[in-house]
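A structural walkthrough
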Number of protein chains: 6
Amino acid sequence: MSIQAINVRNQFRGKVKAIIDGPVVSEVDVETPAGIVTSVITTRSVRDLGLEPGVEVVALVKATEVSIAKI
Amino acid sequence: MSIQAINVRNQFRGKVKAIIDGPVVSEVDVETPAGIVTSVITTRSVRDLGLEPGVEVVALVKATEVSIAKI
Amino acid sequence: MSIQAINVRNQFRGKVKAIIDGPVVSEVDVETPAGIVTSVITTRSVRDLGLEPGVEVVALVKATEVSIAKI
Amino acid sequence: MSIQAINVRNQFRGKVKAIIDGPVVSEVDVETPAGIVTSVITTRSVRDLGLEPGVEVVALVKATEVSIAKI
Amino acid sequence: MSIQAINVRNQFRGKVKAIIDGPVVSEVDVETPAGIVTSVITTRSVRDLGLEPGVEVVALVKATEVSIAKI
Amino acid sequence: MSIQAINVRNQFRGKVKAIIDGPVVSEVDVETPAGIVTSVITTRSVRDLGLEPGVEVVALVKATEVSIAKI
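Residues numbered from 1 in each chain as written. Chains lettered and ligands numbered in written order. Predicted model: local features only at pLDDT ≥ 70, side-chain atom pairs only at ≥ 80, totals over all residues. Heavy atoms only, no water.

**Comments concerning the relation of the copies chain B and chain E**
The cut-off we apply is this: Superposing the copies works by least squares over the C-alpha atoms of residues that have pLDDT at least 70 in both of them.
Rotating chain B by 120° about the axis while translating it 0.0 Å along that axis superimposes it on chain E, leaving an RMSD of 0.0 Å. This pairing of chains is accounted for by a three-fold axis. Considering only C-alpha atoms, the residue of chain B closest to the rotation axis is B:Thr64, which sits at 4.1 Å.

And the structure:
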């Protein structure tokens, strides 16, 4: 199933830089123009998507998940 | 209370660009070097933090909230 | 940008049944074979995606967001 | 403590089909009329709830956690 | 459907102190021994659960949603 | 970068009581006046923040992540 568009407002294109494998979840670090974006997803998804360093991906974040801090 | 450091791996510094006010939650758009990052937070937080266009903030996203898509 | 695949393990295909509009976020009810799946997304996304009753969509849920209760 | 009702709008009843154990979090796959629903919860919760294949459960998802994609 | 137990590790019992109503989501403030716990849920859930000041509730938070900051 | 204030409404101060280490994510149990608050964060964050039993922290929860149940 190909997805045309998604409601997720925050999308960061980049390439997988590194993956730390775990038995259930894995950390996927994506190199983007905004810097490294880190994601934790199931290890099964890492395999199903064929993720490995160099693969082009989009990191997606729903707006309700974004917090704001003052500096 | 001042926070020294937070576990949230994904941090995007920027300036508030626009706020869409609602009775309970508001949308806060932050202009960052990575583009606009959109957040939905409580309207009470918008007031408590004194957010308005131009204010410097950091948008924070926990790694477990980031999804990965292949393009 | 068309997405080939996404890590989000839980995907429920269906048709938009109803939308409750708000100034910042809206509720989108999707009729799926599993029953109604309810989503709250930004009202801007509702417009950008052209959502209205009858439109075919997929409701997506990250595995880390699913809780389990015993009955 | 028995819970009478919960605000979580999306509830999928089913039976645990499989569990992938990890040291901190585990993946719990629930067979529901909607297909397999996958959850990642703490391994301590898996033990506290006595989850194992065949146990009847409800998978719960808060509406703010559901994304919508167009296909 | 009565729920016996839920995997959600963080549970704060208390009484509803105030509700700020919105068209789609509402803010529910719960007075607990730990102080006020604030929740944003759909306004339909507020009605379905019959929430109003004084009602006894439990505020629930999945462990994967908790961030940690150093002070 | 020191953070002055954060929008996250729910803040529980306490001390780290125990940490269960995993290869990707770890469980951090925080002793607070509200009881134990359990968090799952990346193991890299545990190291970067220098978390260990006795360290003073704040557990933070966004209001949109809090569910409400009736008892």
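**Brief notes about the sheet that holds strand β1 (residues 5-6) of chain B**
Spelled out, the test is: One requirement defines pairing of two strands: DSSP has to find at least two bridges between them. Starting at the N terminus, helices and strands are each numbered in turn, a helix being any DSSP run of H or I of at least four residues and a strand any DSSP run of E of at least two.
Strand order in the open sheet formed by 6 strands is β1(B)-β6(E)-β5(F)-β2(F)-β3(F)-β4(F), with antiparallel pairing between adjacent strands. A single partner strand is all that each edge strand has here, and the edge strands are β1 of chain B together with β4 (35-42) of chain F. Summarising the sheet, strand β2 (residues 10-20) of chain F and strand β3 (residues 25-32) of chain F pair through 5 bridges and their orientation is antiparallel. Looking across to β3(F), one finds that F:Ala18 is bridged to F:Asp29.

**A look at the packing of aromatic side chains**
Aromatic ring pairs: the centre-centre distance and the angle between the two ring planes describe each pair. Put simply, the rule is: The criterion for an aromatic pair is that two Phe, Tyr or Trp rings (for Trp, the six-membered ring) have centres within 6.5 Å, with stacked assigned to planes under 30 degrees apart, edge-to-face to planes over 60 apart and tilted to the rest. Burial classification: accessible surface area is computed with a 1.4 Å probe over protein chains only, and a residue below 20% of its type maximum counts as buried, one above 50% as exposed, and the rest as partly exposed.
With the rule as written, the count across this model stands at 3 aromatic pairs over all chains. Consider the rings of C:Phe12 and D:Phe12, whose centres lie 4.8 Å apart with planes at 5°: the pair is stacked. Pair noted here: C:Phe12 is in strand β2 (residues 10-20) and D:Phe12 is in strand β2 (residues 10-20), and the two residues belong to different chains. Here the two residues C:Phe12 and D:Phe12 agree in accessibility, since each one is buried.

**Quick notes on the interface of chain A and chain B**
Note the following rule: Whether two residues touch is decided by their heavy atoms; if any such pair falls within 4.5 Å, the residues are in contact. Take the accessible area each of two parts loses on contact, using a 1.4 Å probe, and add the two losses: that sum is the buried area. Criterion for a salt bridge: a side-chain nitrogen of Lys or Arg within 4 Å of a carboxyl oxygen of Asp or Glu. The term polar contact refers here to a pair of N or O atoms within 3.5 Å; inside protein, the definition further demands a hydrogen-donor-capable atom paired with an acceptor-capable atom, and it admits residues adjacent in sequence only when both atoms are side-chain atoms. Any residue that is not Ala, Val, Leu, Ile, Met, Phe, Trp, Tyr, Cys, Pro, Asp, Glu, Lys or Arg is counted as polar, Gly included; the first ten are nonpolar and the last four charged.
Contact with chain A, which involves 33 residues of that partner, is made by 33 residues of chain B. Here chain A packs against chain B, burying approximately 3000 Å² in sum over the two surfaces, 65% of which is carbon and sulfur. By the criterion of area lost to chain B, the three top residues of chain A are A:Ile68, A:Lys70 and A:Ile71, representing 22% of everything that side buries. Taken together, chain A and chain B are joined by 0 salt bridges. Put simply, chain A and chain B have 12 residue pairs in polar contact (both at pLDDT 80 or more) between them. A per-class count over the side of chain A that touches chain B returns 21 nonpolar, 6 polar and 6 charged. Pairing of strand β5 (residues 56-61) of chain A with strand β6 (residues 67-70) of chain B involves 4 bridges; the strand directions are antiparallel.

**Considering the interface of chain B and chain E**
Chain B puts 16 residues into the contact, and the matching count from chain E is 17 residues. For the pairing of chain B and chain E, the buried interface totals around 1300 Å² over both sides, and the portion due to carbon and sulfur atoms is 59%. When the area that chain B buries against chain E is broken down by residue, the three leading residues are B:Val24, B:Arg44 and B:Lys62, summing to 38%. Counting the contacts that link chain B with chain E gives 2 salt bridges. E:Asp29 is the salt-bridge partner of B:Arg44, the closest N and O atoms lying 3.1 Å from each other. For the side of chain B that touches chain E, the residue count by class is 8 nonpolar, 5 polar and 3 charged. One ladder, built from 2 bridges, connects β1(B) with strand β6 (residues 67-70) of chain E; its direction is antiparallel. Residue B:Ile6 lies in a different strand from β6(E), and its bridge partner there is E:Ala69.

**With respect to the UniProt feature "domain: Mop" (unreviewed entry) in chain A**
To be explicit about the condition: UniProt positions are given in the numbering used here, feature names are shortened, and annotations may be inferred rather than shown by experiment.
Under the UniProt annotation, the feature "domain: Mop" (unreviewed entry) is placed at residues 5-70 of chain A. In residues 5-70 of chain A, the share of helix is 9% and the share of strand is 59%. The end C-alpha atoms are 32 Å apart.

**Things to note about the sheet that holds strand β4 (residues 35-42) of chain E**
Within the open sheet, the 6 strands sit side by side as β1(D)-β6(F)-β5(E)-β2(E)-β3(E)-β4(E). Their pairing is antiparallel. Each edge of the open sheet is held by one strand with a lone partner, namely β1 (5-6) of chain D together with β4 of chain E.

**Examining the relation of the copies chain A and chain B**
Expressed as a screw operation, the relation of chain A to chain B combines 0.0 Å of axial shift with a rotation of 180°, fitting to an RMSD of 0.0 Å. Such values leave the two copies arranged in the relation of a two-fold axis. Using C-alpha coordinates, one finds that chain A approaches the rotation axis most closely at A:Ala34, a distance of 2.2 Å. The share of interface residues of chain A whose copies in chain B are also at the interface is 100%, consistent with both copies meeting through the same surface.

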